[in-house]
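Below are the chains, spelled out letter by letter.
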Amino acid sequence: MCGIIGFCGEEEAVPVLLEGLEKLEYRGYDSAGVAVISGDGVIRIRKRKGRIASLREKIEAEEPLPGTVGIGHTRWATHGEPNDVNAHPQAGMSGRIVVVHNGIIENYREIRQFLERRGYKFLSETDTEVVAQLMEYYYLGKGDLMDAVYSMLDRIKGSYALGILCSDYPGQLIAARKDAPLLIGYGEDGNYIASDVTALLSHTRTVSYLEDEEVAVITKDQVTVYDAGRLVVDKELHTVEWDVSAAEKGGYSHFMIKEIMEQPEAVRKTLSPRLRDGRIFFEELGEDPAFIRNCSSIYIIGCGSAYHVGVVGKYMLEKHLRIPAEACLASEFRYSDPIVGPDTLVIVISQSGETLDSMAALREAKRRGARTLAIVNVIGSSIAREADYVIYTWAGPEIAVATTKAYSTQLLLISMLTVYFKDQLGKITPEEYDEYVDELLALPDKLDQVLARVGNIQKTASKYFNLDSMFFIGRNLDYALGLEGSLKLKEISYIHSESYAAGELKHGTISLMEPGVLVVAIATCESVLDKTFSNMVEATSRGADAVVLTTEEHAGNFEKTVKAVLSVPSTHDLLQANLNIVPLQLFAYYVALNRGCDIDKPRNLAKSVTVE
Ligand code: F6R
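Note that the structure is predicted; figures quoted are calculated from it, not measured.

(A) Structural context of the pairing of strand β9 (residues 183-186). Alignment of β9 against strand β10 (residues 190-194), held across four bridges, turns out to be antiparallel. In the sheet register, Ile184 faces β10, and the bridge partner there is Ile193. Hairpin connection from β9 to β10: three residues lie between these consecutive antiparallel strands. Strand direction decides the pairing type here: β9 and strand β11 (residues 206-209), joined by three bridges, are antiparallel. Within the sheet, the bridge partner assigned to Ile184 lies in β11 and is Ser208.

(B) Geometry of the environment of Val568. When you line up the elements, Val568 lands in strand β27 (residues 564-568). With 122 residues separating them along the chain, Val568 and Lys446 place their C-alpha atoms 8.4 Å apart. Not counting residues up to four positions away in its chain, the partners in contact with Val568 are Val450, Arg453, Leu549, Thr550, Thr551, Glu552, Gln576, Leu579, Asn580 and Pro583.

(C) Seen up close, empty space enclosed by the protein. The final tally for this structure, using the stated rule, is five cavities of 30 Å³ or more. Cys2, Arg75, Trp76, Thr78, His79, His88, His101, Asn102, Gly103, Thr126, Asp127 and Thr128 together form the lining of the largest cavity. Among the residues forming the lining of the largest cavity, the class breakdown is two nonpolar, eight polar and two charged. For the second largest cavity, the calculated volume is near 50 Å³. Along the walls of the second largest cavity sit Arg177, Asp179, Ala180, Glu354, Leu356, Met359, Arg363 and Ser382, which together make up its complete lining. Residue contributions to the lining of the second largest cavity peak at three residues, all from helix α11 (residues 356-367). Broken down by class, the residue content of the lining of the second largest cavity amounts to three nonpolar, one polar and four charged.

(D) Broad picture of the nonpolar core. One finds Ile280, Leu285, Ile298 and Phe421 to be the most contacted residues of the largest nonpolar core, which totals 96 residues. Among the elements that make up this core, the one with the highest residue count is helix α19 (residues 573-594) (14 residues). In this view, Leu285 contacts Phe291, Leu373, Tyr389, Ile391, Leu417, Tyr420 and Phe421; residues no more than four positions away in its chain are not counted. Counting residues in each nonpolar core, the second largest holds 32 residues, with Tyr138, Leu145, Leu162 and Val217 among its members.

(E) Layout of the sheet that holds strand β26 (residues 545-551). Taken in spatial order, the five strands line up as β24-β23-β25-β26-β27 in an open sheet, and their pairing is parallel. Looking at the sheet topology across the chains shown, the edges are occupied by β24 (496-501) and β27. For this sheet, the mean angle separating the axes of adjacent strands, direction not counted, is 20°. Two strands pair when backbone bridges link them, and strand β23 (residues 469-474) and β24 are joined in this way by six bridges, in the parallel orientation. Bridging across to β24, Phe472 finds its partner in Ser499.

(F) Looking closely at the sheet that holds β11. Spatial ordering of the open sheet is given by β3-β2-β4-β1-β10-β9-β11-β15, a layout of eight strands whose pairing is antiparallel. Two strands lie at the open edges of the sheet, namely β3 (43-49) and β15 (238-239), each paired on one side alone. Helix α1 (residues 13-24) contacts β1 (3-9), β2 (31-37), β4 (69-75) and β10 of the sheet and is inclined by roughly 155° relative to β1. In the packing of helix α2 (residues 52-61) onto the sheet, contacts are made with β2, β3 and β4, and the angle to β3 comes to roughly 135°.

(G) Representation of the site of the ligand. Around the ligand, the surrounding shell holds 14 residues, and the nearest of these are Ser350, Gln351, Ser352, Thr355 and Glu491. Gln351 has a polar backbone atom sitting 2.6 Å from an oxygen atom of the ligand. In the model, an oxygen atom of the ligand is placed 2.9 Å from a nitrogen or oxygen of the Lys488 side chain. The protein chains hide 90% of the 400 Å² of surface that the ligand would expose on its own. When atoms are counted within 2 Å of each cavity's grid points, the one that captures over half of the ligand is the largest pocket. Broken down by secondary-structure element, the contributors of at least two residues to the shell around the ligand are α9 (304-321) and α16 (477-493). Split by residue class, the shell around the ligand holds five nonpolar, seven polar and two charged.

Definitions and limits used
Residues numbered from 1 in each chain as written. Predicted model: local features only at pLDDT ≥ 70, side-chain atom pairs only at ≥ 80, totals over all residues. Heavy atoms only, no water. Pairing = 2+ DSSP bridges. Helix = DSSP H or I, 4+ residues; strand = E, 2+ residues; numbered from the N terminus. Contact = heavy atoms within 4.5 Å. 1 Å grid on protein atoms, 1.4 Å probe; cavity = no way out; pocket = protein on both sides within 12 Å on 5 of 7 lines; lining within 4 Å. Points joined across faces, edges and corners; volume = space filled by probe spheres on them. Nonpolar A, V, L, I, M, F, W, Y, C, P; charged D, E, K, R; others polar. Core = buried A, V, L, I, M, F, W, Y, C linked by side-chain atoms within 4.5 Å. Buried < 20%, exposed > 50% of the residue type's maximum accessible area, 1.4 Å probe, protein only. Axes fitted to C-alpha atoms, helices over the stretch in contact; angles between N-to-C directions. Near = heavy atom within 4 Å. Polar contact = N/O pair within 3.5 Å; in protein donor to acceptor, adjacent residues only side chain to side chain. Areas by Shrake-Rupley, 256 points an atom, 1.4 Å probe, with all protein chains shown as cover. Sits in = over half its atoms within 2 Å of the grid points.

What follows is the structure in structure tokens.
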């Protein structure tokens, strides 16, 4: 979703801002812009619908933008269509105050009317222009910049990460946040703000995270942060471990394929710190057995792929712990009056740690007294900071919009947590435990074996990439995985695709089975394998084609019946999903590649969804 970069330093701001914006491109956007303030207090703005490359062309073609202080923005349209006028930065009427903004100002209409009654003219349809104009209104009235900032923040309702320039203060920029991420980077050549750490990695790894309602005043050699009461806050500095190369393509044609290929390593990094002498440790949970013993129900909450991990988790946790477990979409959870109290464990899963729906669900769970545990990839993100406990996936920066390696590491952690809790409940035998750990240790190598079969998947993808409709079917954990396989395919290839519990197909959807439809049957769960097979045959009998994803030992049986079989090695039931997902990710990738899609930046999508 929208991205912010800001710089205050020694060198010219434009190249720094453009480079930062390019690093933020992966988040998804439809227009971009920069504003730079020169030493004599003139703020110049350039903005353009479309890609950063076209903004760069505009900047190069027009009068230069001198200055070492500036802000930049990638916009994912919410209020007003994507066009040059609605792009950020947005300015107050006199041009004194210029703003970039992530989030949504909920009461913008009312403020706009208030200002219009006082003669303010608006150029755009955005809620952000309201912020700039309102701040200018207070600034002109009060004559004090910080008074104006606080009055404006008091008045607006909603979520915001803001970068603000004022023409009377050419050496500084101001930042503020509430319910939208914003961090400060401390560099040798100046200081930065960014909505996402990837925009800063080539300049600095030293950052602090702005908290809700904090305001920062940033100059080239100083950062001062104030709380809502205007008292100075002593910010803790963090070192970001991710390096620059992790956020670069490294010879691959897309981030998505690079990230798919990185999965053995991501899985290794996620499991090894938690495995010692054949035992699983989650020190993050305080090693407190009461944590799970007192638990009467479990909710696993997330959006999109993170929710799909939740569905896998529901099957695993409920079966092995014998505690009722429910996967719930974050956007539904908070409005469904869920039965949640102090003996409920609420697990929130999020790659970015900034998804607004997941954040809101977490807060709702806390409000109801639940114990909350977050599984998050981005260190220091809002969800990570607000949950009672946080377990990090060590997947590294994930740049492609479609998640792959973060999903895999989330799957892994849900599986490891299942065994860890099962052990704490005294429900696992030593033999079972050892068998699981053996397979855990073998998982990265088995993932390598699956990745080595890419040729077969490519061939299958090139056979079916032209179809209009695909269905993913499976039962139990295979069904949960189909949800993710289907989402991967539709989000990057734009092929209509649905996922069904295989047994459900004949209750309506089977009417869609005809020649030209592909059914991807996932058949790896031993106990229901034959039943999935029968459901697949019901579809092929009506003219649909079928591709089967199964384990090596069953591949031979399916080869007789269907045209393409994607096989994976067998592993422990609780780890099989980690192997199964890889062919589905690769299939989606190669289908999209054959169709010439913009794989890393699918249309209309954003990496981190910070609006409701
Ligand atoms: C799909 C995808 C999305 C995210 C969802 C949640 O490939 O990436 O469905 O899984 O938007 O995002 P996070 O995990 O950042 O909360």
